[in-house]
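So the chains spell out like this:
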Amino acid sequence: MQESDTEFTVIFFHKKSAINPAHSNHALSIVLHMCRINYQKELNPNNATFTHSKPEYIESYFSYFKSDVHFDAEFDSLTFSQEVIDTPLPEASKQLAQLNDQVMTQYLKELTHDGLKERVKAIIVSRS
């Protein structure tokens, strides 16, 4: 993810040569669909980028993403305005958000307490 003062971008990194355009299309369309379910049906990204070349049927991309669409990009991505990202979800639960924060805080404490660096070194050594 990349964030600026005006935009928030979700980036999918993979080896360009290893991805089938259908997988790329599917991944971005599913993420956007989930966002539309959680936020609002009218949610449209500022732009979408795809690593694959421009297809013959480009109209379907504009029709679904309802935004600027770019091909032959460095990575697949969806970019949203910061205003959209900062808007609370209509079905948001403050209690659930607080519980999730507590779980993540505890998880991060355990990672640092157990010595993440030492655990990573141990895994590397065991695989050598």
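Only a predicted model underlies this, so the values are computations on that prediction, with no experimental measurement involved. (Residues numbered from 1 in each chain as written. Predicted model: local features only at pLDDT ≥ 70, side-chain atom pairs only at ≥ 80, totals over all residues. Heavy atoms only, no water.)

**Q** I'd like to hear about the layout of surface pockets, residue by residue, with values.
**A** Quantified by volume, the largest pocket comes out at close to 300 Å³. What lines the largest pocket is a set of 13 residues, and nearest its centre among them are C35, Y39, L43, I85 and L89. Of all elements in the fold, only β2 (7-12), α1 (21-38) and α3 (82-86) reach the threshold of two or more residues within the lining of the largest pocket. A per-element tally of the lining of the largest pocket places α1 first, with 4 residues. (1 Å grid on protein atoms, 1.4 Å probe; cavity = no way out; pocket = protein on both sides within 12 Å on 5 of 7 lines; lining within 4 Å. Points joined across faces, edges and corners; volume = space filled by probe spheres on them. Helix = DSSP H or I, 4+ residues; strand = E, 2+ residues; numbered from the N terminus.)

**Q** Give me the lowdown on the pairing of β2, citing residues and values where you can.
**A** Where strand β1 (residues 2-3) meets β2, 2 bridges bridge the pair, whose relative direction is antiparallel. Opposite E3, over in β2, you have F8 as the bridge partner. Counted between consecutive antiparallel strands, the loop separating β1 from β2 contains 3 residues. Sheet topology places β2 next to strand β5 (residues 76-81); 6 bridges connect them, and they run antiparallel. Along β5, the bridge assignment pairs E7 with S81. (Pairing = 2+ DSSP bridges.)

**Q** I'd like to hear about a negative patch on the surface, residue by residue, with values.
**A** There is a patch of like negative charges on the surface, built from E3, D5, E83 and D86. Positionally, D5 belongs in the loop between β1 and β2. (Patch = residues over 30% accessible without salt bridge, like charges linked within 9 Å, V, L, I, M, F, W, Y side chains within 5 Å. Areas by Shrake-Rupley, 256 points an atom, 1.4 Å probe, with all protein chains shown as cover. Salt bridge = Lys/Arg side-chain N within 4 Å of Asp/Glu carboxyl O. Lys, Arg positive; Asp, Glu negative; His and termini not counted. Charge placed at Lys NZ, Arg CZ, Asp CG, Glu CD.)

**Q** Please set out the environment of S29 residue by residue, giving values where relevant.
**A** Inspection of the secondary structure assignment puts S29 in helix α1. Between the C-alpha atom of S29 and that of Y61, which follows or precedes it by 32 residues, the distance is 9.5 Å. Setting aside chain neighbours within four positions, we find S29 in contact with Y64 and F65. (Contact = heavy atoms within 4.5 Å.)

**Q** Let's hear about the side chain of S67: which residues, and what values?
**A** Topologically, S67 is positioned in the loop between α2 (59-65) and β4 (68-70). Among the residues examined, S67 registers a relative accessible area of 11% and is labelled buried. (Buried < 20%, exposed > 50% of the residue type's maximum accessible area, 1.4 Å probe, protein only.)

**Q** Quick one: what's the story with the pairing of β5, residue by residue and with numbers?
**A** For β5, the buried fraction is high: 6 of the 6 residues fall into the buried class. Burial along β5 is two-sided: the face carrying D76, L78 and F80 and the face carrying S77, T79 and S81 are both buried. In this structure, strand β3 (residues 47-49) lies alongside β5, joined through 3 bridges in antiparallel fashion. Of the residues in β5, the one forming a bridge with A48 is L78.

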